[in-house]
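Listed here are the chains, written in short residue letters.
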Amino acid sequence: MVVIVFLILSYWQFDRHQTNKNLSYDETNQALINIDEINLTTSETFIKLNGSFKLVDYYKLRSRVYNGISGYHIVAIYRDQNNIHITVNHGWIPLENARFEIGNFRYGFDGYLQNYDIKSPIGQDDKISSEYIFRIDKNFIEKDQIINLSNKYIHLTSNCGVGIECASLNTGYKPPHMTYSIQWFFFSICLSIVILRKNKLI
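Parameters at a glance
Residues numbered from 1 in each chain as written. Predicted model: local features only at pLDDT ≥ 70, side-chain atom pairs only at ≥ 80, totals over all residues. Heavy atoms only, no water. Core = buried A, V, L, I, M, F, W, Y, C linked by side-chain atoms within 4.5 Å. Buried < 20%, exposed > 50% of the residue type's maximum accessible area, 1.4 Å probe, protein only. Helix = DSSP H or I, 4+ residues; strand = E, 2+ residues; numbered from the N terminus. Contact = heavy atoms within 4.5 Å. Salt bridge = Lys/Arg side-chain N within 4 Å of Asp/Glu carboxyl O. Polar contact = N/O pair within 3.5 Å; in protein donor to acceptor, adjacent residues only side chain to side chain. Phe/Tyr/Trp six-rings, centres within 6.5 Å; stacked < 30°, edge-to-face > 60°.

Engineer: Can you break down the nonpolar core residue by residue, with the values?
Structural biologist: Nonpolar side chains in soluble globular proteins generally cluster together in the buried interior. In this structure, Leu49, Tyr78, Ile86, Phe109 and Ile154 are the most contacted members of the largest nonpolar core, which totals 21 residues. Of all elements in the fold, only strand 2 (46-49), strand 4 (69-79), strand 5 (85-94), strand 6 (109-115) and strand 8 (152-156) reach the threshold of two or more residues within this core. For this core, the leading source of residues is strand 4, giving four residues. If we skip the residues at most four places from it in the chain, phenylalanine 109 touches Ile47, Lys48, Leu49, Phe53, Tyr78, Val88, Ile154 and Leu156.

Engineer: For the pattern of salt bridges, give the residues involved together with the corresponding values.
Structural biologist: All told, the structure shown has five salt bridges when counted by the stated rule. One salt bridge connects aspartate 110 with lysine 48, and the closest N-O pair in it is separated by 3.4 Å. Pair noted here: aspartate 110 is in strand 6 and lysine 48 is in strand 2, with a separation of 62 residues, a long-range link. A relative accessible area of 15% places aspartate 110 in the buried class.

Engineer: Could you give me a rundown of the side chain of lysine 60, with the residues and numbers involved?
Structural biologist: Relative to the elements of secondary structure, lysine 60 occurs in strand 3 (residues 54-66). Leave out the neighbours within four places in its chain, and lysine 60 touches Tyr72, His73, Ile74, Ile93, Phe100, Glu131, Tyr132 and Ile133.

Engineer: Explain helix 2 (residues 138-145) residue by residue, including any values.
Structural biologist: Burial runs high along helix 2: six of the eight residues are buried. Within helix 2, the full set of buried residues consists of Lys138, Phe140, Ile141, Glu142, Asp144 and Gln145. For helix 2, the elements touching its buried residues are strand 3, strand 4, strand 5 and strand 7 (132-133). The N-terminus of helix 2 is capped by aspartate 137, whose side-chain oxygen sits 3.0 Å from the backbone nitrogen of asparagine 139. Taken from the residues just after helix 2, isoleucine 146 is the one with a positive phi, measuring 55 degrees.

Engineer: Explain the packing of aromatic side chains residue by residue, including any values.
Structural biologist: Applying the stated criterion across every chain yields a total of nine aromatic pairs. Arranged with centres 5.5 Å apart and planes meeting at 45 degrees, the rings of tyrosine 72 and tyrosine 132 form a pair that is tilted. Residue tyrosine 72 is found in strand 4, and its partner tyrosine 132 is found in strand 7; the two are separated by 60 residues along the sequence. We classify tyrosine 132 as partly exposed; its relative accessible area is 25%. Following the ring pairs from residue to residue traces out a cluster consisting of Phe53, Tyr78, Phe105 and Phe109.

If you want it as structure tokens, here you go:
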């Protein structure tokens, strides 16, 4: 069973490596969309989201690194005049920064549409009613806020908030997913050999 878990982790890290390798972000063309068009728009698209939005709540996304400094991303929940909700990643603040400002947006958002994160098999669980989260997980946010969300969130590229650095999707900390994948695969081979020898099969 443990061997299977190691193999799953190896594949998951390899898939993350391939995903990060294939991403490209182009700001030369900006799509003008409304909130009800988010699910019909491809992820990684540079958009201008029309509308006026009221701040509902926000989280601090843990373990974000910017220019080599540890911090958080500010992930906020907004709703429009029709009570449709959207998740917005404002960007980065350092760990010690308690003075940042976000609020209502009267003229929409500029940024990239992103797919929500998926919890890994052994990832830490987010806690209901906590200020902190480990990932931008659609199912968790819907459960915590008791709302429904679109299938993608927005990663802002401008007007990110007072005291908040807009976090480029092309820079910053890049986890060594390929190295992790090889490590988990190696662990699975070693454990398989130990199990086979223990049972005198080799």
